[in-house]
Structures are given as structure tokens and as C-alpha cells.
Amino acid sequence: MAKQLEKKPIEQPVSRDWHTREEPTAKERNLTVNPGDIVTDESKSVEEKAQQVAVDAPDITGDWILVPTYFIVEYPDGKREALHHVRDAKKISDVIRLARVDDQGNRIWW
């Protein structure tokens with residue numbers, strides 16, 4: 001009977017891969033901001049910036065939230081720019097305002 005009472009406690013929120021993470025989470029490191037919110041002076045390519053993640057954590061419902069650090073914009077002339085989700089929020093809003101939808105429901109940015 002005593003063994004039945006020694007059940008493993010339920011751990012919430014449940015993460016699919018909490019045990020395989022190599023780095024501690026922002027909460028475990030006692031950070032006051034998400035690591036992706038910090039703007040560094042490192043020069044990286046647009047492709048490298050596109051892979052950066054600002055938030056990779058569960059929300060209160062247990063759903064996993066994944067927020068990119070940079071919003072990648074491709075202009076009509078082919079130029080690509082990585083806009084930081086905090087520092088360049090105003091520019092991102094301006095780009096989103098330019099978006100249009102055609103008759104088939106496809107989003108057209110320019």
C-alpha cells in the first residue's frame with residue numbers, strides 16, 4: 001500500500017523535450033527579459049537572424065509558444081532585411097500596413 005502513495009507528482013506545464021534542453025530557460029536563469037529581446041551588436045546574416053528565437057516556452061495553458069526574434073522582410077527590389085521584434089516594431093507595423101489580399105486570398109506585400 002505504501003508504494004501506491006509514492007506516486008510521481010504531476011509536473012506542469014508539460015514540455016515535450018524539457019529533459020533534452022542544453023541551455024537553461026529564461027526563468028531558470030532569472031532573466032527579466034526574454035533572451036531574444038536583447039539587441040546585441042553582433043553582425044549576423046539575415047539567414048542567421050531568421051533562425052533566432054525570442055520566446056520558446058509554454059504559456060499558462062501549456063501550449064508551446066515560439067516567437068521569432070527577427071521579422072524578415074523582402075522588398076520588391078529583392079533586398080532582404082531582418083527587423084528586430086522589439087527595436088524595429090514601428091517598421092514592422094509599417095510593413096504589415098502595406099499588406100494587401102488579392103481576389104484569391106493570397107497576401108500581397110507590395
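Structural data are supplied above this passage.
A brief report on the enclosed structure follows. (Residues numbered from 1 in each chain as written. Predicted model: local features only at pLDDT ≥ 70, side-chain atom pairs only at ≥ 80, totals over all residues. Heavy atoms only, no water.)

**Quick notes on the overall build of the chain**
This is how it is decided: A run of H or I in DSSP counts as a helix once it spans at least four residues, and a run of E counts as a strand once it spans at least two, with each numbered from the N terminus. Between buried and exposed lies partly exposed: a residue is buried under 20% and exposed over 50% of the maximum accessible area for its type, with that area taken using a 1.4 Å probe on protein chains only. Residues are treated as being in contact if the distance between any of their heavy atoms lies within 4.5 Å.
Secondary structure summary: the chain contains three helices and six strands in total. The linear arrangement of helices and strands in the chain, starting from the amino end, is α-α-β-β-β-β-α-β-β. Of all 110 residues assigned to the chain, the portion counted as buried reaches 15%. Long-range pairs, those at least 24 residues apart, make up 27% of the contacts in the chain with a sequence separation of at least 6.

**Some points on the pattern of salt bridges**
We apply this condition: Here a salt bridge means any side-chain nitrogen of Lys or Arg lying within 4 Å of a carboxyl oxygen belonging to Asp or Glu.
Counting across every chain of the model gives four salt bridges. Salt-bridge contacts for Arg 80 lead to Glu 47; the nearest nitrogen and oxygen are separated by 3.2 Å. Of this pair, Arg 80 sits in strand 4 (residues 80–84) while Glu 47 sits in helix 2 (residues 46–50); the two residues are 33 residues apart in sequence, bridging distant segments of the chain. The class for Glu 47 is partly exposed, based on a relative accessible area of 47%. Here Asp 88 and Arg 87 are joined by a salt bridge, their closest N and O atoms 3.5 Å apart. We classify Asp 88 as buried; its relative accessible area is 11%.

**A short note on the pairing of strand 2 (residues 64–68)**
In plain terms, the rule: The pairing criterion is simple: DSSP has to find at least two bridges between the two strands.
Where strand 1 (residues 53–58) and strand 2 come together, five bridges link them in antiparallel fashion. What sits directly across from Val 53, in strand 2, is Pro 68. Connecting strand 1 to the antiparallel partner strand 2 that follows it, the hairpin turn spans five residues, and Gly 62 within it adopts a positive phi of roughly 95 degrees.

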